[in-house]
Amino acid sequence: GAGVSQSPSNKVTEKGKDVELRCDPISGHTALYWYRQSLGQGLEFLIYFQGNSAPDKSGLPSDRFSAERTGGSVSTLTIQRTQQEDSAVYLCASSPTRGSHEQYFGPGTRLTVT
Amino acid sequence: DAKTTQPPSMDCAEGRAANLPCNHSTISGNEYVYWYRQIHSQGPQYIIHGLKNNETNEMASLIITEDRKSSTLILPHATLRDTAVYYCIVRVASISGGSNYKLTFGKGTLLTVNP
């Protein structure tokens, strides 16, 4: 079946521009997570959605970062006024429920801020 | 979450079994062992998890020692496509509440499968 998809796969943007990253989770998965992974670093949790609500936004690095999820499906992560330190791979994962053992990851969006 | 220790790298011949060890001597009774892997330039991939008993699925087998202080992930017939960084994670299941859904990876083991 279809896995988690993300778009774009690569994004190069100039410092100060806004970017939107999209995640399509596996159909029927109610839990959705955003992480980022900097070069050679581990996973950094950003935000968790249950349905359309985000009970945990604790990992968002600053108020330039926001995310929404509509229809209990697609999610968009928006970064405003991008900075060079935002350069990373942004990963989306979904799981059937909040309590599921496994998280299924998308391929990621590689963001480069020049 | 309990700390895990994995060798930084391992080699395996194609077609042979790959046995990846993980030490987790401070594991608590309610903590599970999870394995994920990350192939270069791809997102992480869930492999398997277990609590006490050995587990097997279509990807791998997980052997947990009786005292639960260590485990081994077994890829029975490694292929070139299994070359990846393998992460062993010990954590309370997210159904237990709190923010246990947050995944964190250590440095993992780079498994290189050679032809």
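None of these values were measured; they are calculated from a predicted model. Residue indices begin from 1 for each chain and proceed along its sequence in written order. Here every chain gets a letter starting at A, and every ligand a number starting at 1, in the order they are written. Reporting of local features is limited, given that this is a predicted model, to residues whose pLDDT is at least 70; pairs of side-chain atoms are given and counted only at 80 or more, and all residues count toward the totals for whole chains, interfaces and linings. Side-chain numbers come from the whole structure's heavy atoms, not from hydrogens or water.

Engineer: Would you mind showing me how to read unusual backbone geometry here?
Structural biologist: Most of the time, phi is negative for any residue but glycine, and the peptide bond is trans. Cis geometry marks the peptide bond from Ser7 of chain A to Pro8 of chain A; its omega dihedral reads -10°. Along the chain, the position of Pro8 of chain A falls in the loop between strand S1 (5–7) and strand S2 (10–13). Here Arg81 of chain A, not a glycine, exhibits a phi torsion of approximately 50°, which is positive. Helix numbers and strand numbers start at the N terminus; a helix is a DSSP run of H or I with at least 4 residues, a strand a run of E with at least 2. Mapped onto the elements of the fold, Arg81 of chain A is located in the loop between strand S8 (75–79) and strand S9 (88–95). Owing to a relative accessible area of 43%, Arg81 of chain A belongs among the partly exposed residues under this scheme. Phi angles above zero are rare outside glycine, and Ser41 of chain B is one such case at about 65°. Tracing the sequence through the fold places Ser41 of chain B in the loop between strand S3 (31–38) and strand S4 (45–50). Think of it in three bands: with a 1.4 Å probe and only protein chains considered, a residue is buried below 20% of the maximum accessible area for its type, exposed above 50%, and partly exposed in between.

Engineer: When you look at the packing of aromatic side chains in this model, what are you seeing that I'm missing?
Structural biologist: Any pair of aromatic rings gets described here by the distance separating the centres and the angle formed by the planes. Two aromatic rings from Phe, Tyr or Trp, using only the six-membered ring of Trp, form a pair when their centres are within 6.5 Å; if the ring planes differ by under 30 degrees the pair is stacked, by over 60 it is edge-to-face, and anything between is tilted. Tallying each qualifying case throughout the model produces eleven aromatic pairs over all chains. Centroid distance Phe45 of chain A to Tyr101 of chain B: 5.9 Å. Interplanar angle 50°. Geometry classified as tilted. With Phe45 of chain A in strand S5 (residues 43–50) and Tyr101 of chain B in the loop between strand S8 (84–92) and strand S9 (109–114), this residue pair bridges two chains. The pair formed by Phe45 of chain A and Tyr101 of chain B is uniform in burial state, with each residue classed as buried. With 4.3 Å between their ring centres and 15° between their planes, Tyr87 of chain B and Phe105 of chain B make a pair best called stacked. With Tyr87 of chain B in strand S8 and Phe105 of chain B in the loop between S8 and S9, this residue pair connects regions lying 18 residues apart in the sequence. Of the two residues, Tyr87 of chain B and Phe105 of chain B, neither departs from the other in class, the shared state being buried. One residue, Arg91 of chain B, lies across the ring of Tyr34 of chain B, its end atom 5.6 Å from the ring centre. The rule for a charge over a ring is simple: NZ of Lys or CZ of Arg within 6 Å of the ring centre, and within 35 degrees of the ring normal.

Engineer: Hey, could you run me through the layout of surface pockets in this one?
Structural biologist: Approximately 670 Å³ is the volume found for the largest pocket. Along the walls of the largest pocket sit 27 residues, with Gln37, Ser38, Gly40 and Gln41 of chain A together with Gln38 of chain B positioned nearest its centre. Here the element with the most residues in the lining of the largest pocket is strand S11 (residues 109–113) of chain A; it accounts for four residues. Under the scheme applied here, ten amino acids are nonpolar (Ala, Val, Leu, Ile, Met, Phe, Trp, Tyr, Cys and Pro), four are charged (Asp, Glu, Lys and Arg), and all others, including Gly, are polar. For the lining of the largest pocket, the per-class residue count stands at nine nonpolar, 16 polar and two charged. The volume enclosed by the second largest pocket comes to roughly 290 Å³. Any residue with an atom within 4 Å of a point lines the site, the site being either a cavity, points on a 1 Å grid over the protein atoms alone where a 1.4 Å probe fits but cannot get out, or a pocket, an open set with protein on both sides within 12 Å along at least 5 of 7 lines. What lines the second largest pocket is a set of 16 residues, and nearest its centre among them are Phe105 and Gly106 of chain A together with Gly43, Pro44 and Gln45 of chain B. Those elements that provide at least two residues to the lining of the second largest pocket are strand S10 (104–105) of chain A together with S3 and S4 of chain B. Considering only residue class, the lining of the second largest pocket consists of eight nonpolar, seven polar and one charged. Grid points are joined across faces, edges and corners, and a volume is the space filled by probe spheres set on the points.

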